[in-house]
Amino acid sequence: MSEKEITRNEKILDVKNLSVRFETEDGIVRAVNGIDLDLGYHRTLGLVGETGAGKTTTALALLRLVQSPPGVVECDKLEIGGRDIRELSIEHMEQIRGKDISMIFQDPMTALNPVFTVGDQIAESLELHEHLNHEQALERAGDMLEMVGIPRARGKEYPHQFSGGMKQRVVIAIALACNPKLLIADEPTTALDVTIQAQVLELMNDLKTKYDTSMIMITHDLGIVAEVCDEVAVMYAGRIIEKGTLEDVFRETMHPYTEGLFNSLPNIKNRTARLKPIMGLMPDPTNLPPGCAFAPRCNYATEECSKEVPELKAVSQTHKCACCAYEREGFCIERRAKK
Amino acid sequence: MSDTILDVRHLKKYFKTGKGMLHAVDDVSFTIERGKTLGLVGESGCGKSTTGRSVLRLIEPTSGEVFFEGKDIVKLSGGEMRKMRKDMQIIFQDPFSSLDPKKTVSQAISEPIRINKILKNKRDIEDRVMELMDTVGLAERLVNTYPHELDGGRRQRIGIARALAMEPKLIICDEPVSALDVSIQAQILNLMDDLQDKLDLTYIFITHDLAVVNHFADEIAVMYLGGIVEKAPSEELFTNPIHPYTRALLSAIPVPDLDHKRERISLKGEITSPVNLPNECRFANRCYECQDKICRAGIPPLVEVSPNHFVACYLHNEK
Amino acid sequence: MANEKELRAHQKYKKRSSLGMVWHQLKKNKGAIIGLILISLVIILALCAPLIYDYKQDIVKNHVRERMLYPSAEHPFGTDDLGRDILARVIWGARYSLAVGVVAVLFALVVGVTLGAIAGYVGGVFEDIVMRVCDIFSSIPSVLLAIAVVSAMGKSTVNLMIAVGLASSAPFTRVARAAVLVVRDEEYIEAAKAIGMRDWQIILEHILPNCVSQIIVQATLRVGSAIISAAQLSFLGLGVPAPAPEWGAMLSSGRQFIRDYSYMTLFPGLAIMLCVLSLNLLGDGLRDALDPKLKR
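Calculation notes
Residues numbered from 1 in each chain as written. Chains lettered and ligands numbered in written order. Predicted model: local features only at pLDDT ≥ 70, side-chain atom pairs only at ≥ 80, totals over all residues. Helix = DSSP H or I, 4+ residues; strand = E, 2+ residues; numbered from the N terminus. Rg over C-alpha atoms; globule rule 2.2 N^0.38 Å. Contact = placed C-beta atoms within 7 Å. Pairing = 2+ DSSP bridges. Axes fitted to C-alpha atoms, helices over the stretch in contact; angles between N-to-C directions. Parallel < 35°, antiparallel > 145°, perpendicular 65-115°, else oblique. Left-handed = near helix turned anticlockwise from the far one by under 90°. Nonpolar A, V, L, I, M, F, W, Y, C, P; charged D, E, K, R; others polar. Core = buried A, V, L, I, M, F, W, Y, C linked by C-beta atoms within 7 Å. Buried ≥ 20, exposed ≤ 12 C-beta atoms within 10 Å, placed from the backbone. pLDDT = per-residue confidence, 0-100. Right-handed = clockwise from strand over helix to strand, strands pointing away.

### Considering the overall build of chain A
Phase 1: Scanning chain A from terminus to terminus reveals 12 helices and 13 strands.
Phase 2: Whereas a compact globule of 339 residues would reach a radius of gyration of roughly 20 Å, chain A reaches 21 Å, a difference of no more than 12%.
Phase 3: In terms of principal-axis extent, the alpha carbons of chain A reach across some 65 × 50 × 50 Å.
Phase 4: Residue pairs in contact within chain A that sit at least 24 positions apart in sequence constitute 65% of those at least 6 positions apart.

### Description of the sheet that holds strand β7 (residues 101–104) of chain A
Residues and elements named next belong to chain A.
Phase 1: Pairing in this open sheet of 8 strands is mixed, and the strands run β7-β8-β9-β3-β10-β11-β13-β12 from one edge to the other. Two strands lie at the open edges of the sheet, namely β7 and β12 (313–314), each paired on one side alone.
Phase 2: Pairing geometry for strand β3 (residues 44–48) and strand β10 (residues 231–236), over 4 bridges, is parallel. Residue pairing for β10: L45 is matched across the bridge by E231.

### With respect to the packing of helix α12 (residues 247–255) of chain C against helix α13 (residues 263–290) of chain C
Residues and elements named next belong to chain C.
Phase 1: Close contact between α12 and α13 brings their axes to 8 Å; oriented N to C, the two are set at 155°. Regarding the angle of α12 to α13, the classification is roughly antiparallel. The hand of the α12/α13 crossing is left-handed. Of the residues in α13, those in contact with W247, M250, L251, G254 and R255 of α12 are M264, T265, P268, G269, A271 and I272.
Phase 2: Across the contact of α12 with α13, the residue classes break down as 7 nonpolar, 3 polar and 1 charged.

### Regarding the sheet that holds strand β7 (residues 170–174) of chain B
Residue and element names in this part refer to chain B.
Phase 1: With respect to topology, 8 strands assemble into an open sheet ordered β6-β7-β8-β3-β9-β10-β12-β11, the strand pairing being mixed. Of all the strands in the sheet, just β6 (88–91) and β11 (303–306) have a single pairing partner and so form its edges. For this sheet, the mean angle separating the axes of adjacent strands, direction not counted, is 25°.
Phase 2: Relative to β7, β6 is paired through 4 bridges, and the arrangement is parallel. Paired with Q89 across the two strands is I171, which belongs to β7.
Phase 3: Across the sheet, helix α5 (residues 152–164) lies against β6 and β7, angled at about 175° from β6, the strand it touches most.

### Considering the interface of chain A and chain B
Reports often express the size of an interface as the amount of accessible area lost when the parts come together.
Phase 1: Tallying the contact residues gives 36 residues for chain A and 32 residues for chain B.
Phase 2: Contributions of two or more residues to the side of chain A that touches chain B are made by α8 (194–211), α9 (222–228), α10 (246–251) and α11 (256–264) of chain A.
Phase 3: The element best represented in the side of chain A that touches chain B is α8(A), accounting for 7 residues.
Phase 4: Split by residue class, the side of chain A that touches chain B holds 17 nonpolar, 10 polar and 9 charged.

### As for the nonpolar core
Phase 1: Within the largest apolar cluster, 262 residues are counted, with the highest numbers of intra-cluster contacts made by A:A173, A:V234, B:A161, B:F205, B:V222 and C:V164.
Phase 2: In terms of residue count, the dominant contributor to this core is helix α5 (residues 86–122) of chain C (20 residues).
Phase 3: Aside from chain neighbours lying at most four places away, what touches C:V164 is C:V100, C:A104, C:A146, C:A226, C:S229 and C:A230.

### Considerations on the confidence of the model for chain A
Phase 1: For chain A, the average pLDDT comes to 85, and 97% of its residues sit at 70 or higher.
Phase 2: Low confidence marks residues 1–8 of chain A, where pLDDT is under 50. Its contacts with residues over four positions away, or in another chain, come to 2 contacts.

### Remarks on the confidence of the model for chain C
All names here are of chain C.
Phase 1: Averaged over all residues, the pLDDT of chain C is 84; the fraction at 70 or higher stands at 92%.
Phase 2: Between the elements of chain C, mean pLDDT differs from a low of 50, seen in helix α1 (residues 2–12), to a high of 91, seen in helix α6 (residues 124–139).
Phase 3: In the predicted structure, residues 1–8 sits below a pLDDT of 50 and forms 6 contacts with residues beyond four places in sequence or in another chain.
Phase 4: This prediction of the complex comes with two scores: 0.82 for pTM and 0.82 for ipTM.

### A word on the packing of helix α11 (residues 199–235) of chain C against α12(C)
Two measures define how a pair of helices packs: the angle their axes make with one another and the distance between the axes.
Residues and elements named next belong to chain C.
Phase 1: Orientation of α11 relative to α12, taken along the N-to-C sense of each, is 40°, at an axis distance of 7 Å. Judged by the inter-axis angle, α11 sits oblique to α12. When you trace α11 past α12, the crossing you get is right-handed. Contacts between α11 and α12 pair A230, A231, Q232, L233, S234 and F235 from the former with W247, G248, A249, L251 and S252 from the latter.
Phase 2: The class makeup of the residues in the contact of α11 with α12 is 7 nonpolar, 4 polar and no charged.

### Digging into unusual backbone geometry
Residue and element names in this part refer to chain A.
Phase 1: With phi around 55°, R64 is a residue other than glycine that occupies positive phi space.
Phase 2: Residue position: R64 is located in the loop between α2 (55–62) and β4 (71–74).
Phase 3: For E187, which is not glycine, the phi dihedral falls at a positive 45°.
Phase 4: In this structure, E187 sits in the loop between β8 (182–186) and α8.

### A word on helix α3 (residues 105–115) of chain B
All names here are of chain B.
Phase 1: By the criterion of burial, α3 is predominantly enclosed, with 8 of the 11 residues buried.
Phase 2: Among the structural elements, α4 (122–136) and α5 are those in contact with the buried residues of α3.
Phase 3: Just past α3, the residue K117 takes up positive phi, approximately 50°.

### With respect to the interface of chain B and chain C
Phase 1: On the chain C side, the residues contacting the 30 residues of chain B number 22 residues.
Phase 2: If you list the elements that add at least two residues to the side of chain B that touches chain C, you get β6, α3 and α4 of chain B.
Phase 3: Of all the elements, α4(B) adds the most residues to the side of chain B that touches chain C, at 4 residues.
Phase 4: Among the residues making up the side of chain B that touches chain C, the classes are represented as 11 nonpolar, 6 polar and 13 charged.

### Quick look at the pairing of β7(B)
Residue and element names in this part refer to chain B.
Phase 1: Counting buried positions over the 5 residues of β7 gives 5, a clear majority of the element.
Phase 2: Sheet topology note: the β7/strand β8 (residues 202–207) ladder contains 5 bridges and is parallel. Residue pairing in the sheet places I172 in a bridge with I204 of β8.
Phase 3: Crossover connection from β7 via helix α6 (residues 182–199) to parallel β8: handedness right-handed.

### What about the arrangement of the chains?
Phase 1: With 2 pairs of chains in contact overall, the contact-richest pair is chains A and B.
Phase 2: No part of chain A reaches chain C; the closest C-alpha pair between them is 8 Å apart.

### Let's talk about the environment of C:S169
Residue and element names in this part refer to chain C.
Phase 1: Residue position: S169 is located in helix α9 (residues 169–184).
Phase 2: On the basis of neighbour counts, which here come to 26 C-beta atoms within 10 Å, the residue S169 falls in the buried class.
Phase 3: Along the primary structure S169 and G112 are separated by 57 residues, whereas in three dimensions their C-alpha atoms are 5.0 Å apart.
Phase 4: Those residues in contact with S169 that lie beyond four places of it in its chain are A108, V111, G112 and F137.

So, in structure tokens, the structure goes:
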């Protein structure tokens, strides 16, 4: 209890001004453009956005896994559990990955090595980080399997003997094996069926509380965010354009893009309502429009919007939004006007 | 006045595998009226795509009848079937693999016109391509681009234009928006909606996304392991789901609404493979209401429990 | 009115040529460019050979007084045991080697691709038969097979081409079938069926264009090995008949003098090596340039 008190105000993750660009032959791809992220202990942050918004690149940058070249990562601050990891050596980083911070990838089919048994694969990271011998590690691996709802005996089987949902459970078991402080889940359920997705999300929710893990959930599905996250950051073209608690973003939506995302979803309560899609397409990351990157697709955009990049400004203590339309007197997006 | 465009009766498709007979589609029957949309919903491996393809005879059905405008197309010869294809088209799930990477946009769209000799004059074909591109909202400057230069939404528009090129009456949409981002997904759904009104199209909409099918379909059939377990008008199915599987499925959709409170029904296990199925309710092994004596006695038939609402469950077949 | 507008659209937005894109990728590969330059040189020399040398005078005719001369300014590659200029014979010999290589590969390509494509697309019994025959052909050493063909049909340049071509048909069948199998399961093939295309239309319009790059790569690499096979046969005396300056035959006739007059075997040998090496470099470069997975 007392330990929790102390850590409550501290942050597991503190990132300032993170940028990632890829210098390719066809031009410079600006994948992430100066984002700030922070996350308290025991919290879950939903990182929401569409394909190409820079969600996965952000996650890889946090783990220092961006390939370089062509990737170039710049940031003013990158602290995990209060420790600056920007200058750590490769060996040191490998110790941190898996132990302090670990990641679940989107596709469980390719995340496991087909020639090792599932138990060995879980044990591997335990041997590496917890310095257990092979027998102890296998024993713990068995515990982990039971934790994710797979019988211990199946640890002797190979990945191809598991179904998609089971494989994703194994991946989760590997990620949680060394009890990481921060878990990054990159679209962990996108490849799964709805009923299996429900099982996996439920499992992740349980384990999160049990292990006291903080989590970043990367997803494009606002429904999943509503179910597992405490905080939400919406990304567009490599920038965070709205950020706040779940309540802030869902009830007090501020940014026109976030509104557009909600309007694009079929409403389960009013089935015949016509969808209101966002017009146009994602901007080309090698050639971002000047000013607000969303301006060309935004219904509320004025000339002002294309002049400079809007800052992420606080609207309330927890809620931030990057939109210059709010500088106009009495501006309000439709979603809130209705309420 | 009902105007049935498609009547599928006892459609079956079995595949021979090393382990035994795989019952991909097992005795599926349904009808669709002209201008309506039927949603086929289910999880991967439930046979929804195979059903769609069997109806078009892209996969030859093992047995059963498919009446299109009163004609049983299963009995047609290869040549007759090719002529029939003009009326029945398909839009594929993956806009990245359903277009030939070596063909430009105009070549892809003109292909069905050329192959079926709908128009012969080169100029007329080019005219028609531009008209179709305009219909589906593709900018004219894209006419000579290759698919790999385009994003998913635009590729899917090409797929739709190809399907429309022959002025079909029925279009089978196999997960047409699953591979797309939400904002693009909404654009495509609206486009398909408009086209239906304008061209009096009938859709079979195959998807795993219940929110989308609820929005889009007039009637929904839920499939599980090759069979339809429940079929009802969309409104009815969502407000009054009866089959245990439908209820579990509906409760599993993550809803982006903080006020949406519901009880989640958690299903045990996963969909089993449809090989050598025993003669019992296909859902029995995962069902939370299963009563062995009743449910394992045979495959429950689809029974009409209220007008237009059909359920295949021994425990819920009265009313 | 509408017509004008549409014509403008078609003309205004020209397609990007795929050849241009391949060239763009190929340019980056130094080895491939070296290979391309060398093989172009060989081809140009082969084409120009009749302009530089007279076949009867310089290639065939014996000059008894000039026998076995070491390389000098007058005869840069020296002369052979019959007093013929080796440089002239090597250059002229490129005509034989290239012709045999290219024609044999074209023969193999037509036979192999046709069989392989149909086998891959149709499947079933036909596929089984074709592939088993392929297995049999590949289990016989290709030189042995070619020897058998030449001995059965007699010694001539044309028969040499057929022999070498037949021996390299099996790999083409394999490659074509493998490529077709991959493409056949793509969704756009199903899409083509759905619009009512016939099978042969699908093979010609969708499957072959999408396999063509792999077949081109295979062909480039195969010309090299066909040249070697042809040289081997000629070396054994089963190839192009006597006075013709085939590289393998030149090697063979120089063999008996290899101790004292090694240049007689060195230069034709180098010519074979250079030719095959440049084709392999080019082939590897093409493979990288044409592989869509390596793009971006």
